[in-house]
Structures are given as structure tokens and as C-alpha cells.
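Structure assessment
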Amino acid sequence: MLVFRRAPARPRQAVVVALVRTADCLLRQHVEVFLVRHVRLQPLRRLTAVAGGPAAAVDLGAELHPREKVIDIEPLQNGGARVKTDAGTYEAGSVVLSPGPWITKFIPHLAGIAQPYRQVFGWFRPLKPDLFTRGQFPSFTLKIPEGHYYGFPLHGHPGLKVGGPHHGREPCDPDTLIRENRLKDEVGLRDCLSRYMPEAMGPALTIKTCIYTMTPDEDFIIDHLPGAPQIVIASPCSGHGFKFASVMGEILSDLSLGQKPPYDFTPFRLDRFTAQTK
């Protein structure tokens, strides 16, 4: 949980409380994201980038409350909100709720719309490593009869990374996630390698598990909570949220301070699912 006792550089605005409850399996991932600058790709280490966000918030006066479980969020009649955790109670003028796969714990009517799925990804040692180094082999995404796969070349890790964001489509509960690697997990990833990248079909170095929280259209939810505009919700990201973290932060900051973002987020509003929630 992240608490601003006063909005940075805007002392007359409401206090902002940002709630983030992220599966610890996501924090343990080693992922690379490539930022496009002109025509060159620059690798960005996810762990370094994730650490930079809280550090910048602390420098702006935020308080970090790690390992503090959010139990309830209650809108107040005065327009603020009360946040109850297992360590205390907080009141704020506005709240940003971004709980990832736990979103239905706070917004039950999103059950069936914001669906967590168990996902697997792994690193394989290629039979011919020189073919899969950065500069020789690209980052890729494949939509093939076997499913939708993505991957990264050898860079900072001795294995070729392969993931299948649609492989299995196994619904899960984030509190009871099966983290252990199962045989069918590796087999599903090898379905991609064996046919399309046979020279990468070496030993599996690591197989890991994470959670994707998917909407039916596989896009974001960014909106005010119906009936409680002082609560801003931002979840789920359908497996591709990290790449948009910086602009997402801008949008959520504006919404929580009652300002209009400079971006059109109409496609991400909750009411696009109205027919499904009735």
C-alpha cells in the first residue's frame, strides 16, 4: 500500500491513497521489456524499473506499507473513503484501487469479467545458442494453431524465454495458486518450440508460474467505481500492463485528483461490460 498524506505539489487537493496488492510470484519474475526509441530497442530490467516507482514515490513524500493486507474499502458520505487493513485504518479523500487478480474480492460483480488465469513461462537452453542471441534473434509474438506465444532472445540469461499467455487458460484463485511446475506446463511451451524453433528445443532451465487477470476483450479497466467516484479502479491489465505503467500512473493521478487526463480512456470504462453484468 502507498499513502500520500498530501498530494505532491498540489496541497489543496485531496489526499491520495494508492492500494496495490500484487501476487508475490509476479515480484519474483525476471522479465525484459523493450522500449522503442526511434528505431533502436533498449532493454529495461523489470525489477529495476519496479523498484524505481516506489523510490520516486517516497521521494515525493509517500509512505510505503508493504505486507499490509487490505481488508475493506468503504466510501464515506463526505466523499472520501476509509481503508481497513490488517494493521490499521486510513481515511483519504480519494483511493486508487489496483489489486490485480484480487479485484473481485473488492468488486464482486466483476466476477466472470475479471478472470485470473494461471500462466506459465520458461527458459530453455537452445541446442544452438548462437542462433538465439540478441542481435541474431528477435523478441517475438506468435499467433499459431497451437496458441499464442511470446519470447525473448538470450540476453542476461542463458535461456531463451518462451511464454504462452493463452496456453491452458486455467482459471485460478490468487490465494490458492498452484505454483509448482507440472509436466503439462513444460509440454505446452515445447509445443511452440518443437515445430517453429526446433534448434531451441534444449533442456528447460526454469519453468515459472504467474497470474494474468483477463477481461473478455483482453484490455484494461480504468474508471471510477460506480456510485463512489472518489474510488478509482485500475485493473486488470490482461497480461500487458507493465509496458503501460508510466502512462497508467499519469491517468490514475489525474483521476484521483479530480482532473481530466489528457488521454481518452473511454475504451477502458466499466460500462462496456454493462450487458454482461446484468
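Provided above is the structure to which this section pertains.
The sections below set out a description of the structure shown in this document. Remember, predicted model here, so these are calculated numbers, not experimental data.

Here we take up the overall build of the protein chain. In terms of regular secondary structure, the protein chain is built from six helices and 17 strands. For the protein chain, with 278 residues in total, the buried portion stands at 42%. At a minimum sequence separation of 6, the contacts of the protein chain that also span at least 24 residues come to 64%.

Ordered in space as β6-β7-β8, the three strands form an open sheet in which the pairing is antiparallel. The open sheet has two edge strands with one neighbour each: β6 (70-75) and β8 (89-92). For this sheet the average axis-to-axis angle between neighbouring strands, irrespective of direction, equals 20 degrees. Here strand β7 (residues 81-85) pairs with β8 via four bridges, running antiparallel.

Our focus in this paragraph is the packing of aromatic side chains. Following the criterion strictly, the structure yields six aromatic pairs and no others. Look at Tyr150 and Phe152: their rings are 6.3 Å apart centre to centre, the planes differ by 80 degrees, and that puts the pair in the edge-to-face class. In terms of burial, Tyr150 and Phe152 fall into one category: buried. A connected cluster of aromatic rings, assembled from ring pairs, spans Phe132, Phe137 and Phe140. Directly above the aromatic system of Phe121 lies the positively charged group of Lys161, at a separation of 4.8 Å from the ring centroid.

So, on to the environment of Phe242. The topology assignment puts Phe242 in the loop between β17 (228-234) and α5 (245-256). According to the relative accessible area criterion, Phe242 is partly exposed, its value standing at 30%. Residues Phe242 and Val50, 192 residues apart in the sequence, show an inter-C-alpha distance of 9.2 Å.

Membership of the largest hydrophobic core comes to 20 residues, with the highest contact counts inside it found for Ile73, Leu97, Ile107, Leu110, Ile231 and Ile233. The set of elements that each furnish at least two residues to this core consists of β6, β7, β9 (94-98), α3 (103-106) and β17. Not counting residues up to four positions away in its chain, the partners in contact with Ile231 are Ile73, Pro75, Ala81, Val95, Leu97, Asp223, His224 and Leu225. If you look at the next biggest cluster of nonpolar residues, it comprises 16 residues, including Val120, Tyr149, Leu160 and Cys192.

The buried fraction of strand β10 (residues 115-124) is high, at nine of 10 residues. In this structure, β10 lies alongside strand β15 (residues 204-214), joined through 10 bridges in antiparallel fashion. Counterpart to Pro116 in the pairing with β15 is Thr213. In the sheet, β10 pairs with strand β14 (residues 170-171) via two bridges, with the strands oriented antiparallel. The residue of β14 that forms the bridge with Arg118 is Glu170. As paired elements, β10 and strand β13 (residues 160-163) share four bridges and run antiparallel to each other. Following the sheet pairing, Phe121 is matched in β13 by Gly163.

In this fold, Asn78 is placed in the loop between β6 and β7. Between the C-alpha atoms of Asn78 and Gly93, which are 15 residues apart in sequence, the distance is 8.8 Å. A distance of 2.8 Å separates a polar atom in the side chain of Asn78 from the backbone nitrogen of Gly80.

Think of it this way: side chains of opposite charge can pair up when their charged atoms draw near. Applying the stated criterion across every chain, the model contains 13 salt bridges. With its nearest N and O atoms 3.1 Å apart, the salt bridge here joins Arg82 to Glu74. Residue Glu170 is joined to Arg118 by a salt bridge in which the shortest nitrogen-to-oxygen separation is 3.8 Å. Of the two residues, Glu170 is situated in strand β14 and Arg118 in strand β10; the sequence distance between them amounts to 52 residues.

Cut-off values and rules
Residues take numbers from 1 onward in each chain, read along the sequence in its written order. With the structure being a predicted model, the display of local features is reserved for residues of pLDDT at least 70 and the display and counting of side-chain atom pairs for 80 or more, all residues being used for whole-chain, interface and lining totals. Heavy atoms from the whole structure form the basis of all side-chain values; hydrogens and water molecules are not counted. Here a helix means four or more residues in a row that DSSP labels H or I, a strand means two or more in a row labelled E, and each is numbered from the N terminus. Burial classes: relative accessible area under 20% of the type maximum marks a residue as buried, over 50% as exposed, and values in between as partly exposed (1.4 Å probe, protein chains only). Contacts were defined at the residue level, with two residues in contact if any of their heavy atoms lie within 4.5 Å. At least two bridges found by DSSP between two strands are what make those strands a pair. Between the N-to-C directions of two axes lies an angle of 0 to 180 degrees, each axis being a line fitted to C-alpha atoms and, for a helix, fitted only over the stretch in contact. Stacked, tilted and edge-to-face pairs are distinguished by plane angle, under 30 degrees for stacked and over 60 for edge-to-face with tilted covering the rest, among Phe, Tyr and Trp rings (Trp via its six-membered ring) whose centres lie within 6.5 Å. Whether a charge lies above a ring is judged from NZ of Lys or CZ of Arg, which has to be within 6 Å of the ring centre and within 35 degrees of the ring normal. The definition of a nonpolar core used throughout is a set of buried Ala, Val, Leu, Ile, Met, Phe, Trp, Tyr and Cys residues joined through side-chain atoms within 4.5 Å. Counted as a polar contact is a pair of N or O atoms within 3.5 Å, where, for protein atoms, one must be capable of donating a hydrogen and the other of accepting one, and residues adjacent in sequence contribute only when both atoms are in side chains. A pair is scored as a salt bridge if a Lys or Arg side-chain nitrogen falls within 4 Å of a carboxyl oxygen belonging to Asp or Glu.

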